[in-house]
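# Structural overview for review
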Amino acid sequence: MAGLKRQYLSIPKRFFALAQEMFNVPEKPLGYQEKNSVYFLERVVLVTGGLDSSVLYFRLKKDFPNLRAVYINIGQPYLAKEIIALKQLGIEHETVVDLSFAGYEKNYWKHIIPARNFYFLCLVAEQMKGGIIYFASTDGEMPEVGGDKSKRFLKWTNELFTKLPYPVRIETPLENETKTDEVKWWKENLPIEQLDYTMSCFEAEIGHCGHCQSCLRKAIAYANNGLKLRTNTPILEGTQEYIAKYETLMPEALKKKDFSHYSRRRCIQDLRGIELLEKQ
Ligand SMILES: [Zn+2]
């Protein structure tokens, strides 16, 4: 298409504003505008049964009763656990199944599934007729750059999604909160016995394994709130490797004031949480 400027090949940013303008005539049927503006306000939260997305779901549900929850099944090994968690928590959701990622665990990216969040966001955006996707990314796990939770990733994805036929915006309402803050909120707002139902463990075994990094983070958040997470392997024993990592990197980050990876609050809270875990 030599000679054509790129802008003519993409969907105009104001496509829907333009459509609304054209149909906004006195002859329009009664109630036309109202009906058609509804889809623009669709609100969807991606749920996994984990602590972050469950807190986000319950918090938003109060303000937006029509909130849709979507769970994505990519054949993850901990699928059954997540589905049980969602059921126990009473999070009503739709499921999107896409098994093209199945077998990703053989790719040696540790617990990371590269590009997973981008892929999930695209799958959900595709299900929507415009609106907002709420994404449960918390303080201390949104670096400026690097990976599909980074601020740059979200900025670029948002830029891309405004160009969709039905424009979608991604919001991260938990970006200034840590897992410790989330557990505190849960204690104040929801039945505490349900907190154990949330499940973010990376292992397929029943319950919290006690040796994955996700279990350590949850145990720290519990400890900081005077609670003890029940795990299959004692947490201090199972997560020595990660505790050693935090105890090296976090004091270093605080000393150098380098919060590009872990936020200041997360460093302080996690180091305090580890001390508390050692006393449990
Ligand atoms: Zn675990």
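Residues numbered from 1 in each chain as written. Predicted model: local features only at pLDDT ≥ 70, side-chain atom pairs only at ≥ 80, totals over all residues.

### Considering the overall build of the chain
- When its secondary structure is counted, the chain shows 11 helices and 5 strands.
- Taking all 280 residues of the chain together, 32% fall into the buried category. (Helix = DSSP H or I, 4+ residues; strand = E, 2+ residues; numbered from the N terminus. Buried ≥ 20, exposed ≤ 12 C-beta atoms within 10 Å, placed from the backbone.)

### A few points about the sheet that holds strand S3 (residues 94-97)
- Taken together, 5 strands build an open sheet; the order of strands is S3-S2-S1-S4-S5 and the sheet is parallel. Of all the strands in the sheet, the pair left with one neighbour each is S3 and strand S5 (168-171). Direction aside, the axes of adjacent strands within the sheet are offset by 30 degrees on average.
- As defined by bridge partners, strand S2 (residues 68-73) adjoins S3 across 4 bridges and the pair is classed as parallel. Looking at the pairing, isoleucine 72 lines up with valine 96 of S3.
- Where helix H5 (residues 116-127) meets the sheet, it contacts strand S1 (42-46), S2, S3, strand S4 (131-134) and S5, and its direction lies at approximately 130 degrees from that of S2. (Pairing = 2+ DSSP bridges. Axes fitted to C-alpha atoms, helices over the stretch in contact; angles between N-to-C directions. Contact = placed C-beta atoms within 7 Å.)

### Describing helix H3 (residues 51-63)
- Under the 1.5 Å per step criterion, the end-to-end length of H3 is 19 Å for 13 residues, consistent within 8% with the ideal 18 Å.
- Looking at the buried residues of H3, the elements they touch are S1, S2, helix H4 (79-89), S4, helix H7 (179-189) and helix H8 (213-223). (Expected span 1.5 Å × (residues − 1).)

### What about the confidence of the model for the chain?
- For the chain, per-residue confidence averages 87 on the pLDDT scale, and 87% of positions sit at 70 or higher.
- Contacts from residues 34-40, a stretch scored under 50 in pLDDT, to residues over four places away or in other chains number 4 contacts. (pLDDT = per-residue confidence, 0-100.)

### Brief notes about the packing of H8 against helix H11 (residues 264-279)
- One way to put it is that H8 packs onto H11 with a least axis distance of 8 Å and a crossing angle of 80 degrees. Comparing the axis directions of H8 and H11 gives the class roughly perpendicular. Contacts between H8 and H11 involve Ala219, Ile220, Ala221 and Ala223 from the first element and Asp270, Gly273, Ile274, Leu276 and Leu277 from the second.
- Taken together, the residues of the contact of H8 with H11 sort by class into 7 nonpolar, 1 polar and 1 charged. (Parallel < 35°, antiparallel > 145°, perpendicular 65-115°, else oblique. Nonpolar A, V, L, I, M, F, W, Y, C, P; charged D, E, K, R; others polar.)

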